[in-house]
Amino acid sequence: MIDAKGYNDMDGIATRRSGHGATSQVNSSYIVGPVIKALKVLEYIGASGRDVTLTEVANALDIPKTTVFRYLQTLSATAFLHHDIPNDRYGIGHGFRSLARTDRSLQRLREIAVPIMRNLNRNFNETINLAIEDKGQIVYIEIIESTRALRMQAHVGTRDPLHTTALGKAILAHLDEPDRERILTQSLAERTYRSVMDADAIRRQLKDVHKRGYSIEIGENEDVCMCIGVAVLDDLGFPIAAISLSAPIQRYSLQLVDLATASLKHSSKEIAAKLQFDHIS
């Protein structure tokens with residue numbers, strides 16, 4: 001059975017057709033029906049290109065008005081929709097637009113960064129990471145792994161504390177003081193026995209990171225790992241991301257630090273310049 005939006009339920013497997021004809025499969029026992037219906041409401045309003053009424057949505061999707069009303073109110077409360085109360089109409093809200101802009105921005109960041117990361121990976125044959133800050137943590141959004149048998153293996157989407165990672169320290173060092181303090185005054189996670197837990201000690205570290213232009217951590221986030229990180233700064237000096245090289249501690253050397261920091265700094269500036277060119281053009 002195929003519904004109006006392309007979901008096919010056969011033998012407990014729900015299949016969703018993509019715009020390119022490909023399919024993705026999910027066990028239908030995990031699918032929440034009301035969520036799908038709420039997304040249909042959001043999809044319909046987005047495709048309409050104008051504000052619509054409750055009655056129009058209910059008729060178009062063949063869903064009871066009382067049910068549609070609850071979805072509309074919930075989506076409005078989360079800013080995915082905007083409710084024009086005087087006219088009782090609903091349109092796309094700033095939350096949805098912000099999410100779409102973020103997705104486009106991250107996709108473009110990846111497109112620009114990946115070739116540069118691959119070049120670093122070829123030069124050093126160590127794992128190269130790209131991450132952003134989100135809700136007081138770093139989130140890995142791209143990883144190019146080393147081909148060596150002994151290598152660091154993180155995963156895209158993984159989150160780590162800012163204060164225990166070179167990526168996070170690079171970002172923290174360039175945040176505005178209020179944003180930095182908001183993070184440092186929270187409870188700081190201990191990842192290994194080397195993790196620095198004292199906020200004053202971290203502040204001193206960050207001053208050095210800001211001054212020299214790179215961060216380094218050895219065993220603070222993972223016992224056997226070292227990492228060197230550099231922030232990717234926009235034209236106002238805001239850290240929109242960070243790029244890093246990670247390797248097993250036994251491959252740590254001063255020569256690696258010297259060579260990697262120079263290459264990472266150059267790469268971060270190259271990424272930033274291309275992003276800025278996109279913005280201007």
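The text that follows walks through the structure, step by step, so that each part is easy to find. (Residues numbered from 1 in each chain as written. Predicted model: local features only at pLDDT ≥ 70, side-chain atom pairs only at ≥ 80, totals over all residues. Heavy atoms only, no water.)

Some points on the overall build of the chain
How we decide: By definition, any uninterrupted DSSP run of H or I lasting at least four residues is a helix, any uninterrupted run of E lasting at least two residues is a strand, and each is numbered from the N terminus. Note on exposure labels: buried denotes an accessible area under 20% of the residue type's maximum, exposed denotes more than 50%, and partly exposed covers the range between, all computed with a 1.4 Å probe on protein chains only. Residue contacts are defined here by distance: any two heavy atoms, one from each residue, within 4.5 Å place the two residues in contact. For the accessible areas, the method is Shrake-Rupley and the probe is 1.4 Å, while residue cover comes only from the protein chains on display.
Looking only at helices and strands, the chain has eight helices and 11 strands in total. Looking at the 281 residues of the chain, the share that counts as buried comes to 43%. Considering only intrachain contacts with a sequence separation of at least 6, the fraction spanning at least 24 residues in the chain is 51%. Accessible area of the chain: about 15800 Å², with a carbon and sulfur share of 53%.

Structural notes on the pairing of strand E10 (residues 225-233)
Put simply, the rule is: At least two bridges found by DSSP between two strands are what make those strands a pair.
Taking burial as the measure, the nine residues of E10 include eight buried ones, the bulk of the element. Summarising the sheet, strand E9 (residues 215-218) and E10 pair through four bridges and their orientation is antiparallel. Residue pairing in the sheet places Ile216 in a bridge with Ile228 of E10. Taking the residues between adjacent antiparallel strands as the criterion, E9 and E10 are bridged by six residues, where Gly219 takes a positive phi near 75°. Sheet analysis places E10 next to strand E11 (residues 239-248), joined by nine bridges and oriented antiparallel. The partner of Met226 across the bridge, within E11, is Ala247.

Quick word on the packing of aromatic side chains
For clarity, the cut-off: Classification of ring pairs rests on two measures: the distance between centres of Phe, Tyr or Trp rings, Trp counted by its six-membered ring, which must be within 6.5 Å, and the angle between planes, read as stacked under 30 degrees, edge-to-face over 60 and tilted in between. By definition here, charges over rings are those cases where NZ of Lys or CZ of Arg is within 6 Å of the ring centre and within 35 degrees of the ring normal.
Using the criterion set out here, one finds zero aromatic pairs in the structure. The ring of Tyr214 is capped by Arg212, whose NZ or CZ atom sits 4.6 Å from the centre of that ring.

Describing helix H1 (residues 33-48)
Worth spelling out the cut-off: Between the first and last residue of a helix there are one fewer steps than residues, each counted as 1.5 Å, and that sum is the expected span.
Look at H1: 23 Å from first C-alpha to last across 16 residues, which is about the 22 Å you get at 1.5 Å a residue. The set of residues buried in H1 consists of Ile36, Ala38, Lys40, Val41, Leu42, Tyr44 and Ile45. Of the residues flanking the end of H1, it is Gly49, one or two places downstream, whose phi is positive at about 70°.

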